[in-house]
Amino acid sequence: MQTIKKNSNNKLIIANWKMNGDINKINHDLKLYASLAKTNSSNILYAIPMIYLAHASYLLSKYHANYQLVTQDISIYNDLGAHTGEISAIMVANLNIKYSIIGHSERRAFQDHDTIVMQKITNAIINNITPIYCIGESLDIRQNCAQNELLLAQLQLLTQMPAKITNIIIAYEPIWAIGTGKIPTIMQLSDIFNLINNFCCQYLTDVKYKIIYGGSVNPHNIQELSTHLTFDGFLIGGASLKNDEFINICQTLII
Ligand code: PGA
């Protein structure tokens, strides 16, 4: 199958804060990032904890910032109602937030199995939220060389959606690389990029898609990762929490 090389300009940088940060950090970081040319880019997306998103969206307009906000998850329920503790995609869209991470391996560990992930992607789509769909194999699967089958099965879900996908970001995040300081080799990453890209070319023909990588991205490896790879961007956890490291990564990636 032929691989189409994707445009590697304008990399997307998604900062996944996970369950970290507090109101002081939100105030400090969002002000700082609005003031720097390299971090105040529409290609930089902040997935801060849900509880701070309304405040962050106020800060965004206060600073006339260009960066964007992302939710780390959304509810399987779309309709508003008696779902204690849940946050609907409708509410996310209400804040004018255009992206949601869905199916992160840390959520899958809390029972977000395929049917739930499909429902969440559907809810995102019908509310015009671009899903950032995370896929990736465990160490065990990688050691048994079964990663391609697993990734293809995870991608296959996208062909069975009840709603029509128009935009999607696919984040390849090998579980063994998340928070461990280990990253796949450039060769392994290129193979996976080609696998995902070929799948999209074949099955998601009228979908606008981006393919990004996540797992232990930091200022030390970003240069090599961005020089040698055709990925459209990076999902960054730990390093996105430290101002100096995050700014350094943005300086490398934002042209
Ligand atoms: P990490 O996390 O950069 O800390 O490895 C990435 C992620 O889980 O999205």
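Here the structure is a predicted model, which is why all the values come from computation and not from measurement.

## Examining the overall build of the protein
Now for step 1: Of regular secondary structure, the protein possesses 10 helices and 8 strands.
Now for step 2: Its C-alpha atoms give the protein a radius of gyration of 17 Å, within 12% of the compact-globule value 18 Å for 255 residues.
Now for step 3: Buried residues in the protein amount to 52% of all 255 residues.
Now for step 4: Within the protein, contacts between residues at least 6 apart in sequence are counted, and of these 74% link residues at least 24 apart.

## Focus: helix H2 (residues 53-62)
Now for step 1: For H2, every residue scored as buried is listed here: Leu-53, Ala-56, Ser-57, Leu-59 and Leu-60. One side of H2 holds all its buried residues, which, seen down the axis, span an arc of 155 degrees.
Now for step 2: Its buried side turned inward, H2 meets helix H1 (23-35) and strand S3 (68-71).
Now for step 3: Looking at the residues trailing H2, positive phi occurs at His-64, about 50 degrees.

## Examining the pairing of strand S8 (residues 233-236)
Now for step 1: Residues Gly-233 and Leu-235 of S8 are buried on one face, and the alternating residues Phe-234 and Ile-236, pointing to the opposite face, are buried as well.
Now for step 2: Judged from the 3 bridges that link them, strand S7 (residues 208-214) and S8 form a sheet pairing that is parallel. Bridge pairing links Tyr-213 to Phe-234 in S8.
Now for step 3: A crossover connection joins S7 to the parallel S8 through helix H9 (residues 222-228); in handedness this β-α-β unit is right-handed.

## Quick look at the site of the ligand
Now for step 1: Looking at the ligand, there are 13 residues lining it, with Lys-18, His-104, Glu-173, Gly-179 and Ser-216 nearest.
Now for step 2: At a separation of 2.8 Å, an oxygen atom of the ligand approaches a polar side-chain atom of His-104.
Now for step 3: In the model, an oxygen atom of the ligand is placed 2.8 Å from a nitrogen or oxygen of the Gly-238 main chain.
Now for step 4: The protein chains hide 95% of the 290 Å² of surface that the ligand would expose on its own.
Now for step 5: Each residue belonging to the shell around the ligand can be placed in one class, and the counts come to 4 nonpolar, 7 polar and 2 charged.

## Regarding the sheet that holds S8
Now for step 1: Ordered by their spatial adjacency, 8 strands build a closed barrel running S1-S2-S3-S4-S5-S6-S7-S8, and the pairing between neighbours is parallel. Within this sheet the neighbouring strands show an average axis-to-axis angle of 25 degrees, counted without direction.
Now for step 2: For strand S5 (residues 130-135) and strand S6 (residues 167-172), the ladder comprises 4 bridges, and the chain directions are parallel. Looking across to S6, one finds that Ile-132 is bridged to Ile-169.
Now for step 3: Against the sheet, helix H7 (residues 147-156) makes contact with S5 and S6, and its axis sits at roughly 155 degrees relative to S5, the strand it touches most.

## A look at the packing of H1 against helix H10 (residues 243-253)
Now for step 1: Between H1 and H10, whose axes approach to 12 Å, the crossing angle comes to 30 degrees. Our classification of the angle between H1 and H10 gives roughly parallel. Once H1 is placed against H10, the crossing between them reads as right-handed. Across the interface between the two elements, Lys-25, His-28, Asp-29, Leu-32 and Tyr-33 of H1 pack against Asn-243, Phe-246 and Ile-247 of H10.

## Comments concerning the packing of aromatic side chains
Now for step 1: All chains considered together, the criterion is met by 8 aromatic pairs.
Now for step 2: Ring centres 6.3 Å apart and planes at 50 degrees place the aromatic pair Tyr-172 and Tyr-213 in the tilted group. Residue Tyr-172 is found in strand S6, and its partner Tyr-213 is found in strand S7; the two are separated by 41 residues along the sequence. A single burial state applies to Tyr-172 and to Tyr-213, both of which are buried.
Now for step 3: Relative to Phe-231, the ring of Tyr-213 has its centre 6.2 Å away and its plane inclined at 75 degrees; by these criteria the two rings are edge-to-face. Taken together, the residues span a long stretch of sequence, with Tyr-213 in strand S7 and Phe-231 in the loop between H9 and S8 at a distance of 18 residues.
Now for step 4: For Tyr-213, a relative accessible area of 0% corresponds to the buried category.
Now for step 5: Phe-231 sits in the buried class, given a relative accessible area of 0%.

Basis of the calculations
- Residues numbered from 1 in each chain as written.
- Predicted model: local features only at pLDDT ≥ 70, side-chain atom pairs only at ≥ 80, totals over all residues.
- Heavy atoms only, no water.
- Helix = DSSP H or I, 4+ residues; strand = E, 2+ residues; numbered from the N terminus.
- Rg over C-alpha atoms; globule rule 2.2 N^0.38 Å.
- Buried < 20%, exposed > 50% of the residue type's maximum accessible area, 1.4 Å probe, protein only.
- Contact = heavy atoms within 4.5 Å.
- Arc of directions from axis to C-beta.
- Pairing = 2+ DSSP bridges.
- Right-handed = clockwise from strand over helix to strand, strands pointing away.
- Near = heavy atom within 4 Å.
- Polar contact = N/O pair within 3.5 Å; in protein donor to acceptor, adjacent residues only side chain to side chain.
- Areas by Shrake-Rupley, 256 points an atom, 1.4 Å probe, with all protein chains shown as cover.
- Nonpolar A, V, L, I, M, F, W, Y, C, P; charged D, E, K, R; others polar.
- Axes fitted to C-alpha atoms, helices over the stretch in contact; angles between N-to-C directions.
- Parallel < 35°, antiparallel > 145°, perpendicular 65-115°, else oblique.
- Left-handed = near helix turned anticlockwise from the far one by under 90°.
- Phe/Tyr/Trp six-rings, centres within 6.5 Å; stacked < 30°, edge-to-face > 60°.

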